Amino acid sequence: MRELIISQNEAGQRFDKLLHKYLKNAGTSFLYKMLRKKNIVLNDKKADGKEILQLGDSVKIYFSEETFQIMTGSQPSADCAKKASQEKPAALNTAFQKYKKTFVKSIVYEDEHLLLLNKPAGWLSQPDGSSVASVNDLCLAYLTEQGKLTEKQLETFRPGIANRLDRNTSGLILFGKTLPALQELAAGLKARTLKKYYLAVVRGALKEPRQIDGFLTKNERTNHVTISAVKTKDSSEIHTAYEPLISSRDFTVLKVHLITGKTHQIRAHLASIGHPILGDVKYGSRDFNKRYPNVHSQLLHAWKLEFPDCSDGVLGACSNRTFTAEPPESMQPFLAE
């Protein structure tokens with residue numbers, strides 16, 4: 001028999017959701033069968049899996065040791081062995097050493113619930129199966145090395161990022177260390193009370209602030225988006241506001257307020273009005289990019305985050321605070337104009 005005592009990182013979710021995380025090799029029908037037969041119980045009582053877990057609840061699992069190891073992945077079957085090995089903290093920590101110095105320098109803010117980083121251009125937000133550095137994995141490795149996260153804790157809860165940035169976009173990225181933090185971050189982003197501002201270097205001269213609206217459609221196969229003035233099938237409504245900070249005949253540095261947050265929104269939206277971002281090879285201007293051969297990635301930087309009043313939650317230390325991230329070296333010459 002194994003017993004789990006529900007901590008803050010498991011509380012507030014449905015019982016069956018936790019079981020799927022903990023017994024990751026078990027199918028849904030198997031889990032419900034075990035619940036019906038009382039091989040899995042909640043607070044020593046029969047459960048149906050729909051219960052909302054509370055802090056301090058007891059979950060007892062009456063499996064043989066062999067079954068338990070197979071279902072948790074501690075003795076993985078052949079088809080999941082590779083995945084399980086990739087998720088081991090030891091493996092993450094080995095890869096972390098390569099990027100450790102840069103990662104630590106990128107930390108903008110940290111507390112018990114939140115890690116805020118200035119992501120370099122070229123780093124992935126989340127792993128994609130390649131060997132390219134992933135902020136999500138590096139954060140997990142950092143926490144395990146610091147002794148703030150254990151393999152045992154990863155069995156039932158996996159911390160993660162709350163906002164994605166494109167691989168070649170630099171700037172502020174939010175990593176929730178705890179479930180309550182991730183829930184609050186998700187709520188703030190959805191309600192748009194957690195405000196995100198970017199710096200962008202675009203083609204041409206812009207003199208006045210403006211909000212641009214439209215509809216974005218994503219092609220999942222090509223990972224390319226298109227912008228239209230009218231709603232089309234499968235499109236999403238988008239809103240982007242900008243304010244010129246530095247303007248010359250050839251380029252403008254914009255402060256961009258990302259009001260909605262869709263895939264490639266800023267890049268495609270600005271390109272759609274004739275002001276593509278410098279260095280953007282997907283939505284940008286080839287001729288414009290050629291004028292600046294020393295620019296090797298899109299000059300789009302997640303610059304500022306403004307937190308709302310969140311004094312009643314776990315993110316209270318960030319309540320009404322503003323965080324900024326130093327722009328990359330590639331953007332500095334344009335900011336000095």
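Scroll up to find the structure.
Calculation rules
Residues numbered from 1 in each chain as written. Predicted model: local features only at pLDDT ≥ 70, side-chain atom pairs only at ≥ 80, totals over all residues. Heavy atoms only, no water. 1 Å grid on protein atoms, 1.4 Å probe; cavity = no way out; pocket = protein on both sides within 12 Å on 5 of 7 lines; lining within 4 Å. Points joined across faces, edges and corners; volume = space filled by probe spheres on them. Helix = DSSP H or I, 4+ residues; strand = E, 2+ residues; numbered from the N terminus. Buried < 20%, exposed > 50% of the residue type's maximum accessible area, 1.4 Å probe, protein only. Patch = residues over 30% accessible without salt bridge, like charges linked within 9 Å, V, L, I, M, F, W, Y side chains within 5 Å. Areas by Shrake-Rupley, 256 points an atom, 1.4 Å probe, with all protein chains shown as cover. Salt bridge = Lys/Arg side-chain N within 4 Å of Asp/Glu carboxyl O. Lys, Arg positive; Asp, Glu negative; His and termini not counted. Charge placed at Lys NZ, Arg CZ, Asp CG, Glu CD. Polar contact = N/O pair within 3.5 Å; in protein donor to acceptor, adjacent residues only side chain to side chain.

*Asks:* So, the layout of surface pockets: which residues are in play, and what are the values?
*Replies:* The gaps left among the atoms become clear once a water-sized probe is rolled over them. Estimated volume of the largest pocket: approximately 1200 Å³. Along the wall of the largest pocket there are 45 residues; nearest its centre are Arg164, Leu165, Asp166, Thr263 and His264. Listing elements by their share of the lining of the largest pocket, those giving two or more residues are α8 (179-191), β8 (195-203), β12 (251-258), α9 (265-272) and α10 (286-290).

*Asks:* Lay out unusual backbone geometry in plain terms, naming residues and giving numbers.
*Replies:* Backbone geometry at Lys38 places phi at a positive 65°, although glycine is not the residue there. Locating Lys38 in the fold gives a position in the loop between α2 (28-36) and β2 (40-42). Lys38 gets classed as partly exposed once you look at its relative accessible area, which sits at 44%. The backbone of Asn223 shows a phi angle near 55°, a positive value even though the residue is not glycine. Examined against the element boundaries, Asn223 turns out to sit in the loop between β9 (210-219) and β10 (224-228). Taking the relative accessible area as the measure of exposure, Asn223 reaches 33% and is therefore partly exposed.

*Asks:* How would you explain a positive patch on the surface if you had to name every residue and give the values?
*Replies:* A surface patch of like charges, here positive, comprises Lys33, Arg36, Lys37, Lys38 and Lys46. Along the chain, Arg36 falls in helix α2.

*Asks:* So what about the side chain of Asn118? Which residues, and what values?
*Replies:* Looking at the element boundaries, Asn118 is found in strand β5 (residues 114-119). Assessed through its relative accessible area of 16%, Asn118 is described here as buried. A distance of 3.5 Å separates the side chain of Asn118 from the backbone nitrogen of Gly171, its partner in a polar contact.

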